Amino acid sequence: MEDDTGERSSFVIGLIENRAKEVGVAAFDLRSASLHLSQYIETSSSYQNTKTLLQFYEPMAIIVPPNKLAADGMVGVSQLADGFCSSTRKVIMNRGCFDDTRGAVLVKGLAAKEPSALGLDSYYKQYYLCLAAAAATIKWIEAEKGVVVINHSLLVTFNGSFDHMNIDATSVQNLEIIEPMHSSLLGTNSKKRSLFHMLKTTRTIGGTRLLRANLLQPLKDIETINTRLDCLDELMSNEQLFFGLSQALRKFPKETDRVLCHFCFKPKRVTNEVLASNNGRRNQIMISSIILLKTALDALPLLSQVLKEAKSCLLGNVYKSICENEKYTSIRNRIGEVIDEDVLHTRVPFVARTQQCFAFKAGVDGLLDMARRSFCDTSEAVHDLANKYREDFRLPNLKIPFNNRKGFYFSIPQKDIQGKLPSKFIQVMKHGNNVHCSSLELASLNARNKSAAKECWLRTAFCLEALMDAIREDVSVLTVLSEVLCLLDMMVNSFAHTISTKPVDRYTRPNFTCDGPLAIDSGRHPILESINNEFIPNGIFLSEASNMAIVMGPNMSGKSTYLQQVCLTVILAQIGCYIPARFATLRVVDRIFTRMGTMDCLESNSSTFMTEMKETAFIMQNVSSRSLIVMDELGRATSSSDGFAIAWSCCEQLLALKAYSIFATHMENLSELATMYPNVKILHFDVDVRNNRMDFKFLLKDGLRHVPHYGLMLAGVAGLPSSVVETAKKITSRIKEKEMKRMEVNYRQYQDLQLTYQVAQRLMCLKFSDQDEDSLREALQDLKESYLSGKHKDN
């Protein structure tokens, strides 16, 4: 099937909903012949979950039913497609096309894996909406493209989005995962300021797409993550394997993933009309696909040789599933029986055209042999004509370039033309330092050559159909090959390459636990450290006993960078890559929520504060016990009293969960939370104040450090009159004095609770420790004494 999408989207998405706020999504990837099905309850009236999926897939077309079936207060998927994806083609299909029974039958027949392996038999009723969306999507693709999907050729995944970490669209933007913020202001050099572009050293389009998909939906399965990390361990410790794989992957065509999916689709009917001249482009693609498949299969022995001694599970499975599978040899032999061994993939237009005409061996088809003889004769006549013109008109540097639109034409350097060109030359055009032209004789030969080439393609296409039908019998193994090559491209050319370009031990392997802490020692921002070599590392430690960190510090001290750094490190770890830190142990995160700097949203008629509240509401409605929440300056866009009240109440709500939260704020009053809630940790960024100026250290330290009047210092630097600044200092000193008295009262009131909680934390640690009995007794005695001494001080 023709696919000229390049790096543009190749997804077609079917969307359907019911009145119970459930949404079914079927995402069909035309490039890799895969179908991703998701069904979930939409928890947001503005369809945040669905918007996240749409941003992930970037569809070229969205298929929706005509009438709205959304719950009251929700916009409906049809209106969502109009608003959120206004530039995407929208297709409305009758509700009868959204048939879940037919969808189940189609998926069972088309899936490369057994239906039982997909869980389709057990969960049919659970998946009825996404199966209905699949029925409409496949029906539209087959009608639109004029193809039939081959049985057992599709890679089908269920519940794809929510088997992975979910990162909402706002957080993707805030964390600069795909695109840097304010990229239009920073210019083209800003591309490396996003995590995706930093890692985008993949060699294939399929590998690049897989990298992007992983960054937007990192893994949650610890076993899969560790399998990738084991593979990286081997690649980083075995240079011969790393460079060998790099060289082997270079032998595979960049378009391998796109080409392999062509065998998953078949024209509904192969007739003269289908193979007519206006379908010549399709015929060329078919021939090119066979040549590319042959090139890919020719590269397998080298890949097999490199992987033979690999120890890691991932590379070992690749070797068993690809290199030891005899079906690839069988396909290669079938191609070798009819395709000439000398035919290779090329991008040069005339060479590609010639190779396509001569792809099949002589004697396979008599009419094809006659058409090729005519093609050769006319091509030779063109070159004879050029030689004649060089001699007759004294143009020794006359050349005969070729392109698919014009065919052959003459190119003559301007300096060789004395006066005016002879009248024999027509269609004269100046092109840089050359003149492009033709002649009546050349035009006649072009027409005959083009006709002969078309006849070659026509006869070749008939021969190709038989060959492609034979290959389609084993189409499922081609789907596996495509998937494996994309994964190897990402692991070797992106992850391992990125790590190998850094100084030794700058990137380390993260450890994962089911319910352990989020502990990162000497972590660095993966993007900014590549820009600034003197980046100051900072760590984090959060656990169920201390699940919220409140980070304080003046403006420009590094709070926002730190929040972004923690999230990007977690994302890197959960895609199976090393991280920029000395050490890390992580609990798997199911969702990342961010609430960072905002501005007025003119499209939705929302002020800065309203936008801030909508983002916060989405977090509060969707947060789970295994989420990671980072908030930067919540409540600053309204009155100070209301903003403080909202920030305080949000913190209390999050503290009631087991979710890990990092809260950056200027509101020093929020530090009182630590006096009431023992699971709150106060951190600050170190700043030295000298001569009424601040020296930023960008170093995170425990506890609260009051930097007096840092806002007023910056105001003075900005040029605010000194009299205004002095008056402001007097006012804030009086306010601060009252606050300190109230904080002292709170501290005394909750001191007993703090001590008890600290004892409970220590007891939990001792419970899971592996110390001997004598050491435990000694630790318990020390704990008892410290508790009693604390009580004594309090009294």
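Residues numbered from 1 in each chain as written. Predicted model: local features only at pLDDT ≥ 70, side-chain atom pairs only at ≥ 80, totals over all residues. Heavy atoms only, no water.

A. Spotlight on the overall build of the chain. The number of helices and strands found in the chain is 27 helices and 24 strands. Expressed as a percentage of the 795 residues in the chain, the buried residues total 53%. Taking the contacts inside the chain whose residues are at least 6 apart along the sequence as the reference set, 72% of them involve residues at least 24 apart. On the chain, roughly 37400 Å² of surface is accessible, and the fraction owed to carbon and sulfur atoms is 52%. (Helix = DSSP H or I, 4+ residues; strand = E, 2+ residues; numbered from the N terminus. Buried < 20%, exposed > 50% of the residue type's maximum accessible area, 1.4 Å probe, protein only. Contact = heavy atoms within 4.5 Å. Areas by Shrake-Rupley, 256 points an atom, 1.4 Å probe, with all protein chains shown as cover.)

B. Local environment of the packing of aromatic side chains. In total, this model carries eleven aromatic pairs according to the counting rule given. On the numbers, 4.8 Å between centres and 70 degrees between planes, the contact of Phe56 with Tyr57 is edge-to-face. For Phe56, a relative accessible area of 12% translates into the label buried. Ring pairing ties together the aromatic residues Tyr389, Phe393, Phe410 and Phe425, which thus form one cluster. Here the guanidinium or amino end of Lys406 rests over the ring plane of Tyr409, the centre of that ring lying 4.0 Å away. The ring of Tyr660 carries the charged tip of Arg587 above its face, separated from the ring centre by 3.9 Å. (Phe/Tyr/Trp six-rings, centres within 6.5 Å; stacked < 30°, edge-to-face > 60°. Lys NZ or Arg CZ within 6 Å of the ring centre and 35° of its normal.)

C. Fine view of the packing of helix α9 (residues 205-216) against helix α19 (residues 475-500). Relative orientation of the contacting elements α9 and α19 amounts to 80 degrees, with a least axis distance of 8 Å. By the angle between their axes, α9 is roughly perpendicular relative to α19. Across the interface between the two elements, Gly206, Gly207, Thr208, Leu210, Leu211 and Asn214 from α9 touch Cys486, Leu487, Asp489, Met490, Ser494 and Phe495 from α19. Here the residues of the contact of α9 with α19 are counted per class, giving six nonpolar, five polar and one charged. (Axes fitted to C-alpha atoms, helices over the stretch in contact; angles between N-to-C directions. Parallel < 35°, antiparallel > 145°, perpendicular 65-115°, else oblique. Nonpolar A, V, L, I, M, F, W, Y, C, P; charged D, E, K, R; others polar.)

D. Spatial organisation of the nonpolar core. Among the nonpolar cores identified, the biggest contains 174 residues, and Leu35, Leu37, Leu518 and Ile540 are the most heavily contacted of them. Among the nonpolar cores identified, the runner-up in size contains 26 residues, and Phe618, Ala659, Leu670 and Met676 belong to it. (Core = buried A, V, L, I, M, F, W, Y, C linked by side-chain atoms within 4.5 Å.)

E. Geometry of the packing of helix α10 (residues 222-237) against helix α11 (residues 239-250). Where α10 contacts α11, the axes come no closer than 5 Å and their chain directions differ by 100 degrees. In terms of orientation, α10 and α11 fall into the roughly perpendicular class. Counting all contacts with α10, which are made through Glu234, Leu235 and Ser237, the residues of α11 involved are Glu239, Leu241, Phe242 and Leu245. For the contact of α10 with α11, the residue count by class is four nonpolar, one polar and two charged.

F. Quick look at the confidence of the model for the chain. Confidence in the prediction of the chain, expressed as mean pLDDT, is 82, and 82% of residues score 70 or more. Note that residues 2-7 has pLDDT below 50 and, in this model, 16 contacts with residues that lie over four places away or in other chains. Across residues 600-605, where pLDDT falls below 50, the model places six contacts with residues more than four positions away in sequence or in other chains. (pLDDT = per-residue confidence, 0-100.)

G. Here's a closer look at the sheet that holds strand β4 (residues 61-64). The sheet built from six strands is open, its strands ordered β5-β4-β1-β2-β3-β7 with mixed pairing. Of all the strands in the sheet, just β5 (89-92) and β7 (155-158) have a single pairing partner and so form its edges. Along the sheet, successive strands turn relative to each other by an average axial angle of 15 degrees, direction set aside. Pairing between strand β1 (residues 11-17) and β4: three bridges, direction parallel. When the bridges of β4 are listed, Ile13 appears paired with Ile62. Each of β1, β2 (22-29), β3 (34-41), β4, β5 and β7 is contacted by helix α5 (residues 128-145), which is oriented at about 35 degrees to β2, the strand it contacts most. (Pairing = 2+ DSSP bridges.)

H. Structural detail: the side chain of Asp590. Assignment of secondary structure puts Asp590 in the loop between β19 (583-587) and β20 (591-595). Lys220 provides the closest opposite charge to the buried, unpaired Asp590, separated from it by 5.3 Å. In terms of polar contacts, Asp590 uses its side chain to reach the side chain of Ser624, at 2.5 Å. Those residues in contact with Asp590, other than ones at most four positions away along the chain, are His164, Met165, Asn166, Lys220, Ser624, Arg626 and Ser627. (Lys, Arg positive; Asp, Glu negative; His and termini not counted. Salt bridge = Lys/Arg side-chain N within 4 Å of Asp/Glu carboxyl O. Polar contact = N/O pair within 3.5 Å; in protein donor to acceptor, adjacent residues only side chain to side chain.)

I. Up close: a negative patch on the surface. Residues Asp772, Asp774, Glu778, Asp782 and Glu785 make up a contiguous surface patch of negative charge. With respect to the helices and strands, the residue Glu785 is situated in helix α27 (residues 773-794). (Patch = residues over 30% accessible without salt bridge, like charges linked within 9 Å, V, L, I, M, F, W, Y side chains within 5 Å. Charge placed at Lys NZ, Arg CZ, Asp CG, Glu CD.)

J. Layout of the sheet that holds strand β13 (residues 425-431). In spatial order, the strands read β12-β14-β13; together these three strands make up an open sheet with antiparallel pairing. Unpaired on one side and paired on the other, β12 (410-413) and β13 mark the two borders of the sheet. Across the sheet, the mean angle separating the axes of adjacent strands is 30 degrees when strand polarity is ignored. Strand direction decides the pairing type here: β12 and strand β14 (residues 434-439), joined by four bridges, are antiparallel. Residue pairing across strands places Ile412 opposite Val435, the latter belonging to β14. Helix-sheet contacts for helix α17 (residues 366-392) involve β12, β13 and β14, and the interaxial angle to β12 is about 30 degrees. Strands in contact with helix α18 (residues 440-472) are β12, β13 and β14; relative to β14, the strand with the most contacts, it is inclined by about 70 degrees.

K. View of the side chain of Arg524. Relative to the helices and strands, Arg524 resides in the loop between β16 (518-523) and β17 (538-542). On the accessibility criterion, Arg524 (5% relative accessible area) is buried. A distance of 2.6 Å separates the side chain of Arg524 from the side chain of Glu529, its partner in a polar contact. Ignoring sequence-local partners within four residues, the contact set of Arg524 consists of Arg506, Tyr507, Glu529, Phe535, Pro537, Gln565, Thr569, Pro580 and Ala581.

L. Just unusual backbone geometry, in detail. The backbone phi angle of Ala33 is positive, close to 50 degrees, even though this residue is not glycine. Among the secondary structure elements, Ala33 is positioned in the loop between β2 and β3. Of note in the backbone geometry, His152 takes a positive phi value of approximately 55 degrees without being a glycine. Using a relative accessible area of 44% as the deciding quantity, one classes His152 as partly exposed.

M. Quick look at α17. Here α17 contains 27 residues, and its C-alpha end-to-end distance of 39 Å stays within 8% of the 39 Å for a straight helix at 1.5 Å per residue. Those residues of α17 lying buried are Leu368, Ala371, Arg372, Phe375, Thr378, Ser379, Val382, Leu385, Ala386 and Tyr389. With a side-chain oxygen lying 3.2 Å from the backbone nitrogen of Leu367, the N-terminal cap of α17 falls on Asp365. One or two positions beyond α17, positive phi appears at Arg394, with a value near 50 degrees. (Expected span 1.5 Å × (residues − 1).)

N. Highlighting the environment of Phe408. Topologically, Phe408 is positioned in strand β11 (residues 407-408). Note: C-alpha distance between Phe408 and Lys450 (42 residues apart in sequence) is 9.9 Å.

O. Up close: the pairing of β3. Counting buried residues in β3 gives seven out of eight residues, a clear majority hidden from the surface. Where β2 lies against β3, eight bridges are found, and the strand directions are antiparallel. Opposite Ala27, over in β3, you have His36 as the bridge partner. Linking β2 back to β3 in an antiparallel pair, the connection comprises four residues, with Ala33 at a positive phi of about 50 degrees. Summarising the sheet, β3 and β7 pair through four bridges and their orientation is parallel. The partner of Leu37 across the bridge, within β7, is Phe158.

P. Molecular detail of the environment of Thr732. Tracing the backbone through its elements, the reader meets Thr732 in helix α25 (residues 722-749). Residue Thr732 is classed as partly exposed on the basis of its relative accessible area of 29%. Taking the C-alpha atoms as reference, Thr732 lies 10.0 Å from Leu712; in sequence the two are 20 residues apart.

Q. View of the environment of Ile178. Secondary-structure assignment places Ile178 in the loop between α6 (169-174) and α7 (183-186). Using a relative accessible area of 11% as the deciding quantity, one classes Ile178 as buried. C-alpha separation for the pair Ile178 and Phe196, spaced 18 residues apart in sequence, amounts to 5.0 Å. With residues up to four places along the chain from it excluded, the contact list for Ile178 reads Val172, Ser194, Phe196, His197, Arg212 and Leu216.

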